[in-house]
Amino acid sequence: MNEQQKRENTLYLVVPCYNEEEVLLHTAEVMLVKLKRLIKEGKISSKSKVMFVNDGSRDNTWNLINALCKQSVFFSGLSFSRNYGHQSAILAGMMAARAHADMVVTIDADLQQDIEALDDFISCYMAGCEIVYGVRCDRDSDGFFKKLSANVFYGLMHLLGCKVMSNHADYRLLSKRALDALAEYKEVNLFLRGLIPTMGFQSDVVYFEVKKREAGQSKYTLKKMITLATDGITSMSTRPIQIITILGFLVSLFSFCMIIYCIIDWFSGRNVPGYTTSLVVSLLTGGLTIFSLGIVGEYVGKIYLETKARPRYIVESFIWKEAGDEAEDMKEENGD
Ligand code: UDP
Ligand code: MG
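Residues numbered from 1 in each chain as written. Chains lettered and ligands numbered in written order. Predicted model: local features only at pLDDT ≥ 70, side-chain atom pairs only at ≥ 80, totals over all residues. Heavy atoms only, no water.

Peer 1: Break down the overall build of the chain for me, citing the residues and quoting the values.
Peer 2: Each helix and strand counted, the chain has eleven helices and eight strands in total. Against the 2.2 N^0.38 benchmark of 20 Å for 336 residues, the chain shows a C-alpha radius of gyration of 25 Å, more extended than a compact globule. Judged by the C-alpha coordinates and their principal axes, the chain covers about 105 × 45 × 40 Å. Taking as baseline every contact in the chain between residues at least 6 positions apart, the subset at least 24 positions apart corresponds to 85%. Total accessible area computed for the chain in this model is approximately 17800 Å², and 60% of it derives from carbon and sulfur atoms. (Helix = DSSP H or I, 4+ residues; strand = E, 2+ residues; numbered from the N terminus. Rg over C-alpha atoms; globule rule 2.2 N^0.38 Å. Contact = heavy atoms within 4.5 Å. Areas by Shrake-Rupley, 256 points an atom, 1.4 Å probe, with all protein chains shown as cover.)

Following this line, the structure appears as C-alpha cells:
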C-alpha cells in the first residue's frame, strides 16, 4: 500500500435543499447508486453518507428526507428552523458532517453538477489535497441572464481584488483538516467561495460538465443572487470604500478648479450663464454622495450584524443513524 492510500476515506455528500420535492427522490437514488459504487470500488469507506440539509423548505422536502433516512442508513438529514440561504445550508451540513467524515463534498440537489466527477475529487484528496474545487467547463446550459450576471459578478470581484475562482460555484471537496480550519471562521456574512481560497492548503481543480436542472425551477431568485453578490463583495474586499475616497478626492479637485474659474470669471466682469453646468454638477455630486453613503452604509450594516454575533443558522432537527447496517443495505441493493 502506498503513502497516498493511507488517508482515511469516509465521504459525506452535503446536499442543500430548498423546496426540492420535485427532484429529491431522483437525486437521492442517483447519489445512493454512486455512493455504493464508490464503496464497492474501495474508493470510500462503507461509513460514507449523503447528508441532506433542508433549508426551511415550504413544500414536502423535509418529509421526503425523513422517509429516505428511514429507508437507508446511507442517508442522513438536517433541518433549519427557517430559510437561511444556500451558503448557510452548506456550512451547516459541512459542520455536522465534520464529526464523522474524512472528506465532504458539497453538491446541489438538482444534479446539475456532474456526480461522476466525484472520482476525480477523491483521487485529488488521495493525492494529498485538502481542498478540491469543481470548476464548470462551460456555461452552455445557462440562460442569457445567468451568463451575463455571472460574467459581471466575476469581473467585478476580480476588479475589486477578491480571490474567487471563475466558474467555481460550491461543488467542492474539503478534507477534515480544511473543515476544522473553516470552523474557526466565525463571520456571519458568509461567502464560502471567497473565504475558502484564503485558507491556503494544498488544492486542485476538477473540471465538470454542467447539465440542465433535472426537475423544478432554480431556487436562486434575483434577490438571492444580488444578496450573494453584495455579501461576496463586502465580505471579501474594502476596495469600494477606497474607490469612494479616490472619487471624493477627484470631485473635490474638480470643485476647487471650478471655484477658481468662477472667481476669475467674476473679477473679469463677464456674465456667468452657467445654469446647465451648475445643475449638472450639483446633480452629479448629489448622486455620487448618496451612492457613496449607500456603499459605506452597506459596510456599517455588515459590521452591525457581525458585532451582534447571532447564530448563523438554527438547526431544528437532525437525523443520523450509526453506521453498522451498511452491509445489509449493500446486499439489498445488489440483490444477493
Ligand atoms: N438552495 C438552498 N437555499 C436557498 C436557495 C437554494 O439551499 O435559499 C439550494 C437549492 O436547493 C440547490 C442549490 O442551493 O440545491 C442551488 O440552487 P439552484 O439549483 O436553484 O441554483 P442555480 O443552479 O439556479 O444557480
Ligand atoms: Mg441548480
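Peer 1: Quick rundown of the confidence of the model for the chain? Include the residues and the values.
Peer 2: Residues at a pLDDT of 70 or more form 92% of the chain, whose mean pLDDT is 86. Considering each helix and strand of the chain separately, the mean pLDDT is smallest for helix H11 (residues 326-334), with a value of 48, and largest for strand S4 (residues 103-106), with 98. Ignoring residues within four places in sequence, the model shows residues 331-336, a span with pLDDT below 50, making four contacts including any to other chains. (pLDDT = per-residue confidence, 0-100.)

Peer 1: Report on helix H2 (residues 61-71), specifying residues and quantitative values.
Peer 2: Here H2 has its buried residues at Thr61, Trp62, Leu64, Ile65, Leu68 and Cys69. End-on view of H2: buried residues confined to an arc of 155°, all on one side of the axis. Opposite its buried face, H2 presents the exposed residues Lys70 and Gln71, each directed more than 90 degrees away. The elements touched by buried residues of H2 are strand S1 (11-17), helix H1 (21-40), strand S2 (49-54), strand S3 (75-80) and strand S8 (315-319). (Buried < 20%, exposed > 50% of the residue type's maximum accessible area, 1.4 Å probe, protein only. Arc of directions from axis to C-beta.)

Peer 1: Please set out the environment of Thr277 residue by residue, giving values where relevant.
Peer 2: Inspection of the secondary structure assignment puts Thr277 in helix H10 (residues 275-308). Between the C-alpha atoms of Thr277 and Lys186, which are 91 residues apart in sequence, the distance is 50 Å.

Peer 1: Could you give me a rundown of the side chain of Lys34, with the residues and numbers involved?
Peer 2: Within the element layout of this structure, Lys34 appears in helix H1. Since its relative accessible area comes to 4%, Lys34 is described here as buried. Setting aside anything within four residues of it in sequence, one finds Lys34 in contact with Ile115, Glu116, Leu118 and Asp119.

Peer 1: Would you mind going over the site of ligand 1 in detail, with residue names and values included?
Peer 2: The environment of ligand 1 is made up of 18 residues, and the closest members are Glu20, Asp55, Asp110, Ser218 and Lys219. Between ligand 1 and Ala109, the relevant distance is 2.9 Å, taken from an oxygen atom to a main-chain nitrogen or oxygen of the residue. Within the side chain of Ser218, one N or O atom sits 2.5 Å away from an oxygen atom of ligand 1. Of the residues belonging to the shell around ligand 1, the class tally is five nonpolar, five polar and eight charged. (Near = heavy atom within 4 Å. Polar contact = N/O pair within 3.5 Å; in protein donor to acceptor, adjacent residues only side chain to side chain. Nonpolar A, V, L, I, M, F, W, Y, C, P; charged D, E, K, R; others polar.)

Peer 1: Mind laying out the side chain of Gln113, listing which residues take part and the relevant values?
Peer 2: Position of Gln113 among the secondary structure elements: in the loop between S4 and helix H4 (118-126). Engagement of the side chain of Gln113 in a polar contact is seen with the backbone nitrogen of Asp108, the distance being 2.7 Å. When residues no more than four places from it in sequence are discounted, the contact partners of Gln113 are Ile107, Asp108, Ala169, Tyr171 and Phe208.

Peer 1: Any chance you could break down the packing of aromatic side chains for me, citing the residues and the numbers?
Peer 2: A full pass over the atoms with the stated rule returns seven aromatic pairs. Ring geometry for Phe80 and Tyr84: centres 5.3 Å apart, planes at 80°, overall edge-to-face. By the burial criterion, Phe80 is buried, and Tyr84 matches it. Here the aromatic rings of Phe80 and Tyr313 are separated by 5.2 Å at their centres, their planes lie at 20°, and the arrangement is stacked. With Phe80 in strand S3 and Tyr313 in the loop between H10 and S8, this pair connects stretches of sequence that are 233 residues apart. Residue classification places Tyr313 among the buried positions, given a relative accessible area of 19%. Through successive ring pairs, a cluster of aromatic residues spans Phe80, Tyr84 and Tyr313. Lying over the aromatic face of Tyr125, Arg7 brings its terminal NZ or CZ to 4.0 Å of the ring centre. The ring centre of Tyr18 lies 4.7 Å from the NZ or CZ of Lys224, which sits over that ring. (Phe/Tyr/Trp six-rings, centres within 6.5 Å; stacked < 30°, edge-to-face > 60°. Lys NZ or Arg CZ within 6 Å of the ring centre and 35° of its normal.)

Peer 1: Just give me the short version of the pattern of salt bridges, but keep the residues and values in it.
Peer 2: Counted under the stated rule, the structure contains 16 salt bridges. For Lys302, the salt bridge goes to Asp231, with nearest N and O atoms at 2.9 Å. Linking Lys302 in helix H10 with Asp231 in helix H8 (residues 222-236), this pair joins segments that are 71 residues apart in sequence. As far as the burial class goes, Lys302 and Asp231 line up, both buried. (Salt bridge = Lys/Arg side-chain N within 4 Å of Asp/Glu carboxyl O.)

Peer 1: Got a sec to walk through unusual backbone geometry? Specific residues and values, please.
Peer 2: In the Ramachandran plot, Leu111 falls in the positive-phi region, its phi being about 60° despite a non-glycine side chain. When you line up the elements, Leu111 lands in the loop between S4 and H4. Judged by its relative accessible area of 5%, Leu111 falls in the buried class. A positive phi is found at Ala309, a non-glycine position, where the angle reads about 45°. Structurally, the position occupied by Ala309 is in the loop between H10 and S8. Overall, the relative accessible area of 54% leaves Ala309 in the exposed class.

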